[in-house]
Amino acid sequence: MNNSAKLSYNYAKLFFKTFKASHLELIYKDAKLFKYCYDSDNNFKGFIKNITVDRGSKQEFFANVFQGVLSKQMRDLIGFLFKNKKDALLIDLIEWIIKFYAKEKSIKQWELLTAFPIDKELEDVFSKKMCHILEVKNIKFDNVVDTHIMGGFICRCEDKEIDMSVRKIILKLKNKLS
């Protein structure tokens, strides 16, 4: 783990522990919403990563856009990162909060690779089906867009992989025909 990864981990751990008792579900909801915005909107992602936009403009943007959407605790965390010039840690920190929540709640965190971002409704349907197939109670997905996937999905957790991509299905069909 490099220094920035360690720092984002430590900030996330401290933030998570601080609000675990009183605001755990709210913090998790905020983190998932922020991550969804980041993953599904290339303009949002580009704005966050853009080093030519000054911190003050970014901080003002976040304050205005997320006012009334994110909790005060999450908005304060984002403000803290900008104030201390640690805004580059924001996405890693958000991802760590989601991981800490999953561990706290004994939720298996799966990586779901798709050709395009999935919406909440599709994620819920997929989650129910996977819980039934795997005979578990809770599954949470991190949707990762992979442009190499023509269609279908690849689902990964720890040492397990379920590959239902179009490519894999075509390869299976090709092997059966040869």
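Our structure's up above, just so we're on the same page.
**Comments concerning the packing of aromatic side chains**
Summed over the entire model, instances satisfying the criterion amount to 18 aromatic pairs. With 5.6 Å between their ring centres and 85° between their planes, Tyr11 and Phe80 make a pair best called edge-to-face. With Tyr11 in helix α1 (residues 3-40) and Phe80 in helix α4 (residues 72-83), this residue pair connects regions lying 69 residues apart in the sequence. One Lys or Arg, Lys45, reaches over the ring of Tyr38 and ends 5.1 Å from the middle of that ring.

**Topic: the side chain of Lys35**
Residue placement: Lys35 occurs in helix α1. Under the relative-accessibility criterion, Lys35 is labelled buried at 12%. Once residues within four sequence positions are removed from consideration, Lys35 is found in contact with Ile94, Glu95 and Ile98.

**Section: the layout of surface pockets**
The space that makes up the largest pocket amounts to roughly 440 Å³. Around the largest pocket, the lining is made up of 20 residues, and of these Lys32, Tyr36, Lys120, Glu123 and Phe141 lie nearest the centre. Of all the secondary-structure elements, those providing two or more residues to the lining of the largest pocket are α1, α6 (120-134) and β2 (139-145). Broken down by element, the residue count for the lining of the largest pocket peaks at seven residues, all from α1. Its residues assigned to classes, the lining of the largest pocket comprises eight nonpolar, three polar and nine charged.

**A few points about the sheet that holds strand β1 (residues 108-114)**
The four strands lie next to each other as β2-β1-β3-β4, forming an open sheet whose pairing is mixed. One side of each edge strand has no neighbouring strand; the edge strands of this open sheet are β2 and β4 (160-163). Neighbour-to-neighbour, the strand axes of the sheet open up by a mean angle of 20°, direction not taken into account. Where β1 and β2 come together, seven bridges link them in parallel fashion. Its bridge partner lying in β2, Leu113 is registered against Val144.

**Quick look at a nonpolar patch on the surface**
Together, Phe116, Leu122 and Val125 make up an exposed nonpolar region whose accessible area comes to about 280 Å². Assignment of secondary structure puts Leu122 in helix α6.

**A few points about a positive patch on the surface**
On the surface, Arg167, Lys168, Lys172 and Lys176 cluster together into a patch of positive charge. If you trace the backbone, Lys172 turns up in helix α7 (residues 166-177). Judged by its relative accessible area of 45%, Lys172 falls in the partly exposed class.

**Quick notes on the pattern of salt bridges**
Counting across every chain of the model gives 10 salt bridges. Between Arg156 and Glu111 there is a salt bridge, and its shortest N-O distance comes to 3.7 Å. With a gap of 45 residues between them, Arg156 in strand β3 (residues 153-157) and Glu111 in strand β1 connect regions that are remote in the sequence. Its salt-bridge partner being Asp124, residue Lys120 comes within 3.0 Å of it at the nearest N-O pair. Residue Lys120 and its partner Asp124 are both found in helix α6; the two are separated by four residues, about one turn of the helix. Through salt bridges with shared partners, a single network forms among Lys35, Asp39 and Glu95.

Cut-offs used in this document
Residues numbered from 1 in each chain as written. Predicted model: local features only at pLDDT ≥ 70, side-chain atom pairs only at ≥ 80, totals over all residues. Heavy atoms only, no water. Phe/Tyr/Trp six-rings, centres within 6.5 Å; stacked < 30°, edge-to-face > 60°. Helix = DSSP H or I, 4+ residues; strand = E, 2+ residues; numbered from the N terminus. Lys NZ or Arg CZ within 6 Å of the ring centre and 35° of its normal. Buried < 20%, exposed > 50% of the residue type's maximum accessible area, 1.4 Å probe, protein only. Contact = heavy atoms within 4.5 Å. 1 Å grid on protein atoms, 1.4 Å probe; cavity = no way out; pocket = protein on both sides within 12 Å on 5 of 7 lines; lining within 4 Å. Points joined across faces, edges and corners; volume = space filled by probe spheres on them. Nonpolar A, V, L, I, M, F, W, Y, C, P; charged D, E, K, R; others polar. Pairing = 2+ DSSP bridges. Axes fitted to C-alpha atoms, helices over the stretch in contact; angles between N-to-C directions. Patch = residues over 30% accessible without salt bridge, like charges linked within 9 Å, V, L, I, M, F, W, Y side chains within 5 Å. Areas by Shrake-Rupley, 256 points an atom, 1.4 Å probe, with all protein chains shown as cover. Salt bridge = Lys/Arg side-chain N within 4 Å of Asp/Glu carboxyl O. Lys, Arg positive; Asp, Glu negative; His and termini not counted. Charge placed at Lys NZ, Arg CZ, Asp CG, Glu CD.

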